[in-house]
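Chains, contacts and geometry: an overview
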Number of protein chains: 2
Amino acid sequence: MEYKFSAPVADLKPSAIREILKFTSMPGYIPFAAGNPAPEALPTETVAKITADIMLNRPVDALQYSVTEGYVPLRNHLKEYMKQKHNIGREFDELIITTGAQQVMNLATMVLCNRGDTIICENPSFIGSLNAFRSFGVNLVGVDIDFDGMNIEKLEAALKANPDARFIYTIPTFQNPSGCCMSVEKRKAVYALAKKYGVLILEDNPYSDTRFRGEELPTIKSMDEDGIVIYAGTFSKVISPGLRVGFTVAPAAIVQKMVVCKQTSDVHTNILGQLICHDFMTKYDYEAHLDRNREVYRKKCDLMCGLIDEHIGQYVEYVRPEGGLFVWLKLPETVDMVGFCTEAVNNKVATVPGTAFCADTTATSQSFRMNYSTPTDEQIVKGMEILGKVAKDYLK
Amino acid sequence: MEYKFSAPVADLKPSAIREILKFTSMPGYIPFAAGNPAPEALPTETVAKITADIMLNRPVDALQYSVTEGYVPLRNHLKEYMKQKHNIGREFDELIITTGAQQVMNLATMVLCNRGDTIICENPSFIGSLNAFRSFGVNLVGVDIDFDGMNIEKLEAALKANPDARFIYTIPTFQNPSGCCMSVEKRKAVYALAKKYGVLILEDNPYSDTRFRGEELPTIKSMDEDGIVIYAGTFSKVISPGLRVGFTVAPAAIVQKMVVCKQTSDVHTNILGQLICHDFMTKYDYEAHLDRNREVYRKKCDLMCGLIDEHIGQYVEYVRPEGGLFVWLKLPETVDMVGFCTEAVNNKVATVPGTAFCADTTATSQSFRMNYSTPTDEQIVKGMEILGKVAKDYLK
């Protein structure tokens, strides 16, 4: 039988990153293409204790159906935590638990966008989100980013050209893939422009709790007095991605629609994972855990960056990250970036070609992304040696 | 700010059942409206042992990112199990893990339907699925069901009137809400008609493993030699709904597109839940567990049905279930069904009015649904006494 697919899905390709991930989970490949938290950063002992306690004292709570909005004590704790620590959440906002932050991208698009609508995004940007948008048949308009985030002139031009854009998608802190942080001035400017043009903002913030250097920057959501920002948070980078627990803080009217769509998507987020995150935040020293994580990432980042400087420093430009999981490296204009990455994979070092992150799938890129959290220190050392040789041969 | 929602979502209402569920989780209400597995049927001790073992011996596997298609050993085991036990799965099929069977409804619609497309469904049918379809702006065409499943003449008329229908949605075994089982002859007829008209079938089968009486019936998927059936299965009714682990067996070309959409929806299903289901099926006596469950449901069903006969038997028609979680009761044509259910809720007994399950949201119904798995035996006794009094007053 010839199967006929829905229009947006017919043309959608699997995420290049996840395809590469499969490829590079084969033994022998150095996984600089991945985006996993470092295994040593996963709080396995604490989660083991929490899980044993839950299964002993309240097993039915962990296994029974729950409500779509999420486990109420976790929602209440997060509301308070986000308010106190990050000034996120106003009277008009609501917070619900989602199946990872990825589901926020899915639900926001489902709720706000008809096929053919426009979403403005950073260019490059996280392919998982871009594909979530594409899966609803929307039109992506990319705004180039400078070292300090979205180019504001280009953003305003995009807003003028697309007055009906449904929202601006941004990862202001440790942007994926570029690793850059949007300056406070630009955060204010993005907010002001969104307000001026009557466009919502979808702020994706998976990485800010991994910051291991520099000053914390205010989220755009913390500036939201007008109910125009949908904020996506997650436990994936700080407790566990495998549990699939994220959340959104957004105007209640929008959240209400997201709940209806979440109900029809997966009924609710797995409740055992929600209980684990709740107990972790309320019964253990969550802040101390975040600090330990930061130390893991600082060391791995410094290790990789030192070796980048040593082995391929003469060929690449990059900004040393202050958090997040990635380094974004730019090759000279004369170099065939995809050719270089292919040569690296042929030598069993997997990186992600920058083209994977372009809003326009036909665009080119001189950059590639490397991850320092997934590989072991030994793999980082070995992989960078290999990349050094590949660069010497390929770029000579 | 005035928020503008996508066209299908703007009109979508929250599931009446989940709204009632919230209402009836308040203390003092008898939860005949719910659909939870009986707490005593949840295998809490086994899951506690399995979870402890996982967190001791392979905690990183339980917390790290996994692949979108699902945990490979669970997929492989399920493929073999479904093939051997249920003759489900051919060379052209593939099996992936989903976030509950609910996600199969979401993904199938996302992959196959454009806004305005038609889905043919049983009338009445499971509101969670109907709302999943509605959330993509499809047009639902309901086919009335007889005591032995879909009316075949009406199905053919619906197919003739809607030659471009994308699929036929059916719950052939212990249909929700009606509780009826489609006869083998009708299963064959539905398959033959789907094939004749070039329309796919989405077969939802959450309840067949709860059968506590009567002969097992072959699934429609087991007849699928043409690659036209998408099958949805789940662990929700047999291990735990809270873990949100389901699966689909469907033609590989369709599954491939579902994987792309799952990637953008929630990346993957929580891996701890997948590991638990895998270990349960492979390291413990899963069949003995299913038998214990059946016994729990048989007793609760018989208790409720006996009390229905005693207290309201003179007012209602119903078929005694051989499995599933629900009894579907029909009031005389002269009775205002919604008024009766409202009077029951006023007396703290929550049932679900049949109108909630109609494909056409403006249709009327003489039936209401009662669940025997959620309430305790004491609640069943008390609730039925109350319903008897309500009936006597209201229907006199």
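Residues numbered from 1 in each chain as written. Chains lettered and ligands numbered in written order. Predicted model: local features only at pLDDT ≥ 70, side-chain atom pairs only at ≥ 80, totals over all residues. Heavy atoms only, no water.

1. Quick look at the overall build of chain A
Along chain A, the regular secondary structure elements total 14 helices and 11 strands. What you see for chain A is a C-alpha radius of gyration of 21 Å, in line with the 21 Å of a compact globule of 396 residues. Its C-alpha atoms put chain A at 60 × 55 × 55 Å along the principal axes. Buried positions account for 67% of the 396 residues belonging to chain A. Across chain A, contacts joining residues at least 24 apart in sequence account for 77% of those joining residues at least 6 apart. (Helix = DSSP H or I, 4+ residues; strand = E, 2+ residues; numbered from the N terminus. Rg over C-alpha atoms; globule rule 2.2 N^0.38 Å. Buried < 20%, exposed > 50% of the residue type's maximum accessible area, 1.4 Å probe, protein only. Contact = heavy atoms within 4.5 Å.)

2. Here we look at the relation of the copies chain B and chain A
Once chain B is rotated about the relating axis by 180° and shifted along it by 0.0 Å, it coincides with chain A to within an RMSD of 0.0 Å. Such a combination of turn and shift is consistent with a two-fold rotation axis. Among all residues of chain B, the minimum C-alpha distance to the rotation axis is found for Ala52(B), at 3.2 Å. (Least-squares fit on C-alpha atoms with pLDDT ≥ 70 in both.)

3. Observations regarding the packing of aromatic side chains
Residue and element names in this part refer to chain A. Tallied over the full model, the rule gives 22 aromatic pairs over all chains. Residues Trp 328 and Phe 357 carry aromatic rings whose centres are separated by 5.9 Å and whose planes lie at 80° to one another, so their mutual orientation is edge-to-face. One end of the pair, Trp 328, is in strand β9 (residues 326-330); the other, Phe 357, is in the loop between β10 (352-353) and β11 (367-371), and 29 residues separate them in sequence. Both residues of the pair, Trp 328 and Phe 357, count as buried. (Phe/Tyr/Trp six-rings, centres within 6.5 Å; stacked < 30°, edge-to-face > 60°.)

4. Considering the nonpolar core
One finds Phe133(A) and Phe133(B) to be the most contacted residues of the largest nonpolar core, which totals 114 residues. In terms of residues, this core owes the most to one element, helix α6 (residues 100-112) of chain A, which gives eight residues. Once you skip the residues sitting within four places of it in the chain, Phe133(B) turns out to touch Met105(B), Thr109(B), Ile119(B), Val138(B), Leu140(B), Phe167(B), Tyr169(B) and Leu202(B). With 64 residues, the next largest nonpolar core counts Leu95(A), Val238(A), Tyr286(A) and Tyr231(B) among its residues. (Core = buried A, V, L, I, M, F, W, Y, C linked by side-chain atoms within 4.5 Å.)

5. Let's talk about the side chain of Ser129(A)
Here Ser129(A) is to be found in helix α7 (residues 127-134). Residues in contact with Ser129(A), not counting those within four places in the same chain, are Gln102(A), Met105(A), Tyr169(A) and Asp204(A).

6. Here's the deal with the domain arrangement of chain A
Residue and element names in this part refer to chain A. Segmenting chain A into domains produces domain 1 (7-43 + 288-394) and domain 2 (44-283). Computed over C-alpha atoms, the centres of domain 1 and domain 2 are 24 Å apart. Each partner contributes residues to the interface: domain 1 has 35 residues there, and domain 2 has 39 residues. Taking both sides of the interface into account, the surface hidden between domain 1 and domain 2 amounts to around 3,100 Å²; carbon and sulfur atoms contribute 62%. (Domains from an automatic or database assignment. Buried area = accessible area lost by both parts, 1.4 Å probe.)

7. Section: the pattern of salt bridges
Residues and elements named next belong to chain A. Under the criterion given, the structure shown has 52 salt bridges over all chains. Between Lys 85 and Asp 209 there is a salt bridge whose closest N-O contact spans 3.9 Å. Of this pair, Lys 85 sits in helix α5 (residues 72-86) while Asp 209 sits in the loop between β6 (200-204) and β7 (229-234), and the two are 124 residues apart along the sequence. For Asp 209, a relative accessible area of 16% translates into the label buried. Salt bridges sharing partners connect three or more residues here, namely Arg 213, Glu 295, Arg 298, Asp 302, Asp 309 and Arg 320. (Salt bridge = Lys/Arg side-chain N within 4 Å of Asp/Glu carboxyl O.)

8. Considering the interface of chain B and chain A
At the interface, 82 residues of chain B touch 81 residues of chain A. Between the two partners, chain B and chain A, sit zero salt bridges. Our count for the contact surface shared by chain B and chain A stands at 34 residue pairs in polar contact (both at pLDDT 80 or more). When contributions to the side of chain B that touches chain A are tallied by element, the ones reaching two or more residues are α1 (7-10), α2 (16-24), α3 (44-57), α4 (59-63), α6 (102-112), α7 (127-134), α10 (252-266) and α11 (271-283) of chain B. Of the residues in the side of chain B that touches chain A, the class split is 41 nonpolar, 28 polar and 13 charged. (Polar contact = N/O pair within 3.5 Å; in protein donor to acceptor, adjacent residues only side chain to side chain. Nonpolar A, V, L, I, M, F, W, Y, C, P; charged D, E, K, R; others polar.)

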